[in-house]
There are 2 protein chains.
Amino acid sequence: MARSRITPEREAELYAAVLDLLREVGYDALTMDAVAARTKSSKATLYRQWGSKPELVVRALRSDKPVSLAEIDTGSLRGDFHAVVDRIDDCRLEQDSALMRGLAQAIHGNPDLHKAMRELLFEPELTGLDALLRRAVERGEVREGHPALKYVVHMLVGAFVARQLIEDRAPDQAFLAEYVDAVVLPALGI
Amino acid sequence: MARSRITPEREAELYAAVLDLLREVGYDALTMDAVAARTKSSKATLYRQWGSKPELVVRALRSDKPVSLAEIDTGSLRGDFHAVVDRIDDCRLEQDSALMRGLAQAIHGNPDLHKAMRELLFEPELTGLDALLRRAVERGEVREGHPALKYVVHMLVGAFVARQLIEDRAPDQAFLAEYVDAVVLPALGI
């Protein structure tokens, strides 16, 4: 293991341990000491490699993403959205949903965590979503400058949050697929 | 003051004090003792009248709603949605948004609060929204059984949550009015 880099295997191991701890104790109770103990690494290494707890946590979350929008390009917007939904596993979705609820809670008291989540998690996804939507505009599926284009992320966030808040259950594949067809595509004029 | 009822004025005073406390200390730190002290009432009265802290808090929130969907009937769905948005005050919206974020946080650890919010806050609103949408169907503005009808609440929740989560700011009137026209009405085929 080089001083300045850890191996990808070791990195994956560390991220898995961070996510386990996050599920077990939540963000506020997760300490760098606990991560160091669980992964048999030194706190100095953790800080040198990741800088801070919010960054370590958010990079661990990012490593665990079930699907990357950048990989998907089916040739139609409906195909792209459904390809995303198809790659989601219901069981994973329920676990991730619980994890994200815990983090949503932690965000309020931790502006550094919110900032790290915006920069490392949300912005790359928004860039991926923009690319996916831009291709739909280039193919002529969605009119250039369509007013709903900038609100696709709001519609998608609503699917996740309202399902939990109002119906008290995690979203699943069938629900998301129906929501894409019933809401997102029609709002974009498809 | 009768034993079994308190006056509407006294009730309003109590609710205002609960909301003040909620903004000051948050849900978890808000105790029935603190409410009793602030309002110069006995804890026994509070419990007799409201049964529990979640119920008192949620009834206080409900008393403070800026707009009731049941009052609105302009003759068109677009008119109805914009009438709702028009009655919202940006400053209030920012305060309420902060209050709701604090409560969203508290919901996770307090199933009783979540249950009270669903029963006393969300369900009456959903009933009001259903009535508003049903009238649009009866007028022929929206096709009966339109697949987006059951997801209007998801779209609206998304507007509030994504704005805060992604853009880190509270929604305002101008944003909500644009969202209704760009997303909600087109998804319903209007």
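What counts, and at which threshold
- Residues numbered from 1 in each chain as written.
- Chains lettered and ligands numbered in written order.
- Predicted model: local features only at pLDDT ≥ 70, side-chain atom pairs only at ≥ 80, totals over all residues.
- Heavy atoms only, no water.
- Salt bridge = Lys/Arg side-chain N within 4 Å of Asp/Glu carboxyl O.
- Helix = DSSP H or I, 4+ residues; strand = E, 2+ residues; numbered from the N terminus.
- Buried < 20%, exposed > 50% of the residue type's maximum accessible area, 1.4 Å probe, protein only.
- UniProt positions renumbered as here; feature names shortened; annotations may be inferred.
- Expected span 1.5 Å × (residues − 1).
- Bend = angle between axes of the 7 residues up to and from the residue.
- Domains from an automatic or database assignment.
- Contact = heavy atoms within 4.5 Å.
- Polar contact = N/O pair within 3.5 Å; in protein donor to acceptor, adjacent residues only side chain to side chain.
- Nonpolar A, V, L, I, M, F, W, Y, C, P; charged D, E, K, R; others polar.

Some remarks on the pattern of salt bridges
This model, assessed by the stated rule, comprises 35 salt bridges over all chains. Where Glu24 of chain A meets Arg38 of chain A, a salt bridge forms, and the shortest distance between an N and an O atom there is 2.7 Å. Here Glu24 of chain A is found in helix H1 (residues 8-25), whereas its partner Arg38 of chain A is found in helix H2 (residues 32-39), with 14 residues between them in sequence. Between Glu13 of chain B and Arg10 of chain B there is a salt bridge, with the nearest N and O atoms lying 2.9 Å from each other. With Glu13 of chain B and Arg10 of chain B both in helix H1 (residues 8-25), this residue pair falls three residues apart, about one helical turn. Look at Glu13 of chain B and you get partly exposed, because its relative accessible area is 49%. What makes Arg10 of chain B buried here is its relative accessible area of 18%. Residues participating in the shared-partner salt-bridge network are Asp20, Arg23, Asp64 and Arg92 of chain A.

Points about the UniProt feature "domain: HTH tetR-type" (unreviewed entry) in chain A
Summarizing the sequence annotation, UniProt attributes the feature "domain: HTH tetR-type" (unreviewed entry) to residues 8-68 of chain A in the numbering used throughout. Each end of residues 8-68 of chain A is marked by a C-alpha atom, and these two atoms are 19 Å apart; helix forms 74% of the span and strand 0%.

Examining helix H8 (residues 152-167) of chain A
Residue and element names in this part refer to chain A. Helix length check: H8, at 16 residues, gives a terminal C-alpha distance of 22 Å against a target of 22 Å (1.5 Å per residue), a fit within 8%. Bending of H8 peaks at approximately 30° at the position of Val161. The set of residues buried in H8 consists of Val152, Val153, His154, Met155, Val157, Gly158, Ala159, Ala162, Arg163, Gln164 and Ile166.

Concerning the domain arrangement of chain A
All names here are of chain A. Taken domain by domain, chain A comprises domain 1 (8-62) and domain 2 (67-187). A straight line from the C-alpha centre of domain 1 to that of domain 2 covers 26 Å. If you look at the interface, domain 1 gives 12 residues, while domain 2 gives 12 residues. At the junction of domain 1 and domain 2, the tally comes to zero salt bridges. Here domain 1 and domain 2 share two residue pairs in polar contact (both at pLDDT 80 or more) between them. For the side of domain 1 that touches domain 2, the secondary-structure elements that each account for two or more residues are H1 and helix H4 (53-63). Of all the elements, H4 adds the most residues to the side of domain 1 that touches domain 2, at seven residues. Residue composition of the side of domain 1 that touches domain 2, by class: seven nonpolar, no polar and five charged.

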